[in-house]
Every structure is written in C-alpha cells, then in structure tokens.
Amino acid sequence: MELEVEGLRMVVMQCHILVYYNYYQRDTKGVVLNNYLNHLITTTTNMTKLMEWLTGAILFLGPWTAIVTTTIHNEFTVMHYQEILLLPFLLVAVFAVVSIAIIAFRVYSFNDCHQEAKELQEQILQAKADLAKRGIKLD
Amino acid sequence: MAGGDKYSVLLPTYNERENLPIIIWLLCKYLGESNLEYEIIVIDDGSPDGTLEVAKQLQEVYGQDKIVLRPRAKKLGLGTAYIHGIKHATGNFVIIMDADLSHHPKFIPEFIKKQKEGNFDLVSGTRYTGDGGVYGWDLKRKIISRTANYLTQILLRPGASDLTGSFRLFRKEALQNIVKACVSKGYVFQMEIIIRARQFGYTIGEVPIKFVDRVYGESKLGGSEVIGFAKGLLYLFATT
Ligand SMILES: Nc1nc2c(ncn2[C@@H]2O[C@H](COP(=O)(O)OP(=O)(O)OP(=O)(O)O)[C@@H](O)[C@H]2O)c(=O)[nH]1
Ligand SMILES: [Mg+2]
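The rules behind each value
Residues numbered from 1 in each chain as written. Chains lettered and ligands numbered in written order. Predicted model: local features only at pLDDT ≥ 70, side-chain atom pairs only at ≥ 80, totals over all residues. Heavy atoms only, no water. UniProt positions renumbered as here; feature names shortened; annotations may be inferred. Helix = DSSP H or I, 4+ residues; strand = E, 2+ residues; numbered from the N terminus. Buried < 20%, exposed > 50% of the residue type's maximum accessible area, 1.4 Å probe, protein only. Contact = heavy atoms within 4.5 Å. Areas by Shrake-Rupley, 256 points an atom, 1.4 Å probe, with all protein chains shown as cover. Rg over C-alpha atoms; globule rule 2.2 N^0.38 Å. Core = buried A, V, L, I, M, F, W, Y, C linked by side-chain atoms within 4.5 Å. Salt bridge = Lys/Arg side-chain N within 4 Å of Asp/Glu carboxyl O. Axes fitted to C-alpha atoms, helices over the stretch in contact; angles between N-to-C directions. Parallel < 35°, antiparallel > 145°, perpendicular 65-115°, else oblique. Left-handed = near helix turned anticlockwise from the far one by under 90°. Nonpolar A, V, L, I, M, F, W, Y, C, P; charged D, E, K, R; others polar. Arc of directions from axis to C-beta. Polar contact = N/O pair within 3.5 Å; in protein donor to acceptor, adjacent residues only side chain to side chain.

Looking at an unreviewed UniProt entry, one finds chain B named Dolichol-phosphate mannosyltransferase subunit 1 and attributed to Petrolisthes manimaculis. Note on chain B: under the UniProt heading Sequence similarities (unreviewed entry), the record states "Belongs to the glycosyltransferase 2 family." Under the UniProt heading Pathway (unreviewed entry), the note attached to chain B is "Protein modification; protein glycosylation."

In the nomenclature of an unreviewed UniProt entry, chain A is known as Dolichol-phosphate mannosyltransferase subunit 3 of Petrolisthes manimaculis. The UniProt entry for chain A carries the following comment under Sequence similarities (unreviewed entry): "Belongs to the DPM3 family." A UniProt comment under Pathway (unreviewed entry) is attached to chain A, and it reads "Protein modification; protein glycosylation."

Q: I keep staring at the overall build of chain A and nothing clicks. Help me out?
A: A tally of regular secondary structure across chain A gives six helices and zero strands. In sequence order, the secondary structure elements of chain A are arranged as α-α-α-α-α-α. Of all 139 residues assigned to chain A, the portion counted as buried reaches 24%. Restricting to contacts in chain A with at least 6 residues of sequence separation, those with at least 24 account for 19%. Surface exposure of chain A reaches about 10300 Å², of which carbon and sulfur atoms provide 70%.

Q: Would you mind showing me how to read the overall build of chain B here?
A: From N to C terminus, chain B includes eight helices and nine strands. Its C-alpha atoms give chain B a radius of gyration of 17 Å, within 12% of the compact-globule value 18 Å for 240 residues. In terms of overall dimensions, chain B has a C-alpha envelope of 50 × 40 × 30 Å along the principal axes. For chain B, the residues scored as buried account for 62% of the 240 residues in total. Intrachain contacts of chain B at a sequence separation of at least 6 include 81% that bridge at least 24 residues.

Q: I'm lost on the nonpolar core in this one. Help?
A: Nonpolar side chains in soluble globular proteins tend to be buried together. Residues B:Leu11, B:Ile23, B:Ile24, B:Leu27 and B:Ile40 are the most contacted members of the largest nonpolar core, which totals 45 residues. Elements with a minimum of two residues in this core: helix 6 (114-133) of chain A together with strand 1 (6-13), helix 1 (19-33), strand 2 (37-44), helix 2 (51-62), strand 3 (67-69), strand 4 (93-96) and helix 4 (108-118) of chain B. Looking at this core, the element that brings in the most residues is helix 1 of chain B, giving ten residues. For B:Leu27, the residues in contact, after removing those within four places along its chain, are B:Val9, B:Leu11, B:Gly32, B:Ile40, B:Met97, B:Pro105 and B:Ile108. Counting residues in each nonpolar core, the second largest holds 35 residues, with B:Leu175, B:Ile178, B:Ile195 and B:Leu236 among its members.

Q: Sorry if this is basic, but what is going on with the pattern of salt bridges here?
A: Here the idea is simple: oppositely charged side chains can pair when their charged atoms come close. In the structure shown here, the tally under the stated rule is 17 salt bridges over all chains. Notably, a salt bridge pairs B:Asp65 with B:Lys66, separated by 4.0 Å at the nearest N-O pair. The exposure class assigned to B:Asp65 is exposed, which follows from its relative accessible area of 52%. Classification of B:Lys66 as partly exposed rests on a relative accessible area of 22%. Within the structure, one salt-bridge network assembled from shared partners comprises A:Glu116, A:Glu119 and B:Lys106.

Q: Would you mind going over the packing of helix 5 (residues 81-108) of chain A against helix 5 (residues 139-156) of chain B with me for this structure?
A: Helix packing geometry: the angle between the two helix axes and the distance between the axes. The N-to-C vectors of helix 5 of chain A and helix 5 of chain B enclose an angle of 130 degrees; their axes lie 9 Å apart at closest approach. With respect to helix 5 of chain B, the element helix 5 of chain A is oriented oblique. Relative to helix 5 of chain B, helix 5 of chain A is oriented so that their crossing is right-handed. In this structure, helix 5 of chain A contributes A:Phe95, A:Ser99, A:Ile102, A:Ile103, A:Arg106 and A:Val107 to the contact, and helix 5 of chain B contributes B:Leu139, B:Lys142, B:Ile143, B:Arg146, B:Thr147, B:Tyr150 and B:Ile154. Broken down by class, the residue content of the contact of helix 5 of chain A with helix 5 of chain B amounts to eight nonpolar, two polar and three charged.

Q: Whenever I open this one, helix 4 of chain B confuses me. Can you help?
A: For an α-helix, 3.6 residues make a turn, and residues three or four places apart therefore share a direction. Residue and element names in this part refer to chain B. Buried within helix 4 we find Ile108, Phe111, Ile112, Lys114, Gln115 and Gly118. Angular distribution of buried residues about the axis of helix 4 spans 160 degrees; they occupy a single face of the element. Exposed side of helix 4, more than 90 degrees from the buried face: Lys113 and Glu117 are the residues found there. On the buried face of helix 4, the contacting elements are strand 1, helix 1, strand 4, strand 5 (122-126), strand 7 (168-171) and strand 8 (204-208). Once helix 4 finishes, Asn119 follows within two positions and takes phi at roughly 50 degrees, a positive value.

Q: Which parts of the structure should I look at to understand the environment of B:Ile96?
A: Residues and elements named next belong to chain B. If you trace the backbone, Ile96 turns up in strand 4. Residue classification places Ile96 among the buried positions, given a relative accessible area of 0%. It is 19 Å that separates the C-alpha atoms of Ile96 and Val134, two residues lying 38 residues apart in sequence. Dropping the residues within four chain positions of it, Ile96 is found in contact with Leu10, Tyr82, Ser166, Phe167, Arg168, Phe170, Leu175 and Gln190.

Q: Please explain the interface of chain A and chain B as it appears in this structure.
A: Across the boundary between the two partners, chain A contributes 43 residues, which contact 57 residues of chain B. Taken together, chain A and chain B are joined by four salt bridges. Between B:Lys106 and A:Glu116 there is a salt bridge; the shortest N-O distance is 2.3 Å. Viewed at the interface, chain B and chain A are joined by 14 residue pairs in polar contact (both at pLDDT 80 or more). Mapped onto the side of chain A that touches chain B, the elements with two or more residues apiece are helix 1 (2-24), helix 2 (32-45), helix 3 (49-68), helix 5 and helix 6 of chain A. When grouped by side-chain class, the residues that make up the side of chain A that touches chain B number 20 nonpolar, eleven polar and twelve charged.

Here it is in structure tokens:
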C-alpha cells in the first residue's frame, strides 16, 4: 500500500517535471514558478481569473459560513469560534498590509536612471551634429 | 552573424518630428554596429507637425531598404498601426517600440540575444526587475505605476513583470496572431498582448530596460488614463 502511494507520487512528480521542462524551462528565472503554477491551474480548470477567485472564495467562505452559523459544529469550532469568525477579516487585513509594504518597497527601490538620461542627452547632440552633416537640419 | 534573421522595427509616430531623426539615427547606429539585417517601418498617422516630411528626408539619407514609409491619412490608434506595419514587414522578427526616445535602441541587441538564448516567441522589455528602471518619474507617477503593476500581477498572474511597456520583440507570426486577438486600446492593449500571448502558448523572455521619459513633446498620465486602465484590467480579469 505504502509503495503504491509512493509510486503514484513519483508519477505525478514526473508529469510535473515534464510539463515544466517542455513548457517553461525556456522562461526567465524570476517568473518560472509563477508560470508553472499558473499553467497547472489554467490548463486543468480552464476558468477565467474571475471564476478562479470566485471558486476560491466559495471554497473558503462555504465552510466558514457553516461554522459561523453553527450548521457545522464540533469541539474545535466551538472552542475557537471567535478566531474562526474573525479569520476572513484578518486575512484581508494581513493581505492589505503586506501589499502596501511590497508596493512601498518597490516604489522606494525603483531605479532612477540618471546616467541613462545623461547619455541620451549627449547622443541627441551627436545625432543632431551627424544628421546636419548629412543635410538634415533640426531645430 | 545575422544567421538569416531579419528584424523589422515598427515605429508608429504621431507628432514626433523632433524625436524621429534621433531615434532613427540611434537605431541605425546600434543595429548597424551589431551587423543585423533590419528595416525600420515608420507608420505616421497624418501628424500635423510634419513628421512625415522629416521621415522622407531620413529615407533619402539612409536608403529605401532601411527606412520604409507606410503612412496613414489620419490618427487611427496604435493597435491598427501595428497591424498595418506588420503587413509590410519583410523580417521574420518584429520589434515594436515608441518613437519618443523613451525606448533606447541599445537594448535591441540584448533582446535578440535573449530571444536566441531561450528560442522565445516574445521578448519583453521590463522596467520593473533587475537593472531596469525609469528616469523622469516623480513619486506620484512611481506610486501609480507600481500599484497598477502589483494589482495586475495579483489579478492576472501574467508571468511577465512589465505589462504596460511597449518595447518588445516578436516572431512575426506570433505578433500577427496576438494583435488580431486583441480588443483593447492604450495601456490595456499592451497588457492584453501578454495575456493573449500566454493563451496562444507563446513563450516570453524578459530583458531589463531603462526607460527615459519623453524629452520632446507632451507626456500624459491623468485621471482618465487611470480609469481606463482599471476598466481594462477588470475586463481582462473577467474574460480571460
Ligand atoms: N501611428 C500612430 N502612432 C501613435 C498613435 N498614438 C501614439 N502613437 C505613437 O506611439 C508611441 C507611443 O505613444 P506615446 O504618446 O509616447 O504614449 P505613452 O508612451 O503611453 O505616453 P507618454 O507618456 O506621452 O510618452 C509614440 O511613438 C507615438 O508617436 C496613433 O494613433 N497612430
Ligand atoms: Mg511614450
């Protein structure tokens, strides 16, 4: 039995590796993982992004509503009712804070290409001089 | 060294009289130095500032094989300008870029190298990773740009870091297929290009670019651009 599970795991892994190398090996490093997961999700479900989000929301909020309305209840849900009740709001808050932090950092670390701008200015002068020699007058 | 590949650069212009000679001079410099086979296709949409007259002068200097003029009578937008340009492109690769000097031709040899490295269908310039960056953006513009990019990454998971940039290299058939499938305009059109490319199963490589905001002419980023972008993002979110 254990061997069978192990075998199945190997097959699944092999498939993933196959997809990975055939489809995304040629991609840039930074986006490989994103693409790979993306590829798995979009090719297996063929949903629009909106549908993916709705599906995710239903999968999460369905059980949550059942617990909050005590349709489902057991020792665990009764003991942690407060925490479960607040969970979605907490997740949204954490996501918002993390997002703002990421954006702030990216704004802060956005490269300012002063050198590039200077080089371009110089090349504009060169181009104008050269073009003038070839009979194109620029103002 | 070219290995049989030819590169067609599509330059859509609208009121770029001052920028056009410079961008063409730079293109000829860098592409010439790299010994590439190339042509520059200028698609001018009846610019009232006389861009086309300047283009004609440049054609006399550089030759009709290098500078190809495919003007249209009136301003019909970027998307159709690309379609119009591709029809006349004789290369097997097409490069699209802005004529306003914000895209420096020196990156093109890097795009080509990247394309060959991974045999990519599309190579996209990116301002948001590695050595990429911008010049001439104030804090407000940086915040808007980073936020828009972040939202796009979360909602669309496009597998490319710069969706709104328009400095890219394509296999010609890939660009043809992609552009035909696109419905949006403006920034959203550039974004849709990447999304449709993924739908076609095209591979995408990225090269960091340094973007210098236009020196001559007006730059625009107002409330209406932001609203248009938000609408377009939601459209792609709901339909793709
Ligand atoms: N043929 C053609 N070219 C266009 C049209 N609209 C814009 N362009 C050109 O497309 C390129 C990009 O346009 P830009 O006006 O720079 O747009 P942007 O970079 O989003 O905005 P800016 O901040 O103003 O630089 C430039 O080379 C323009 O001249 C059009 O309707 N037809
Ligand atoms: Mg521009």
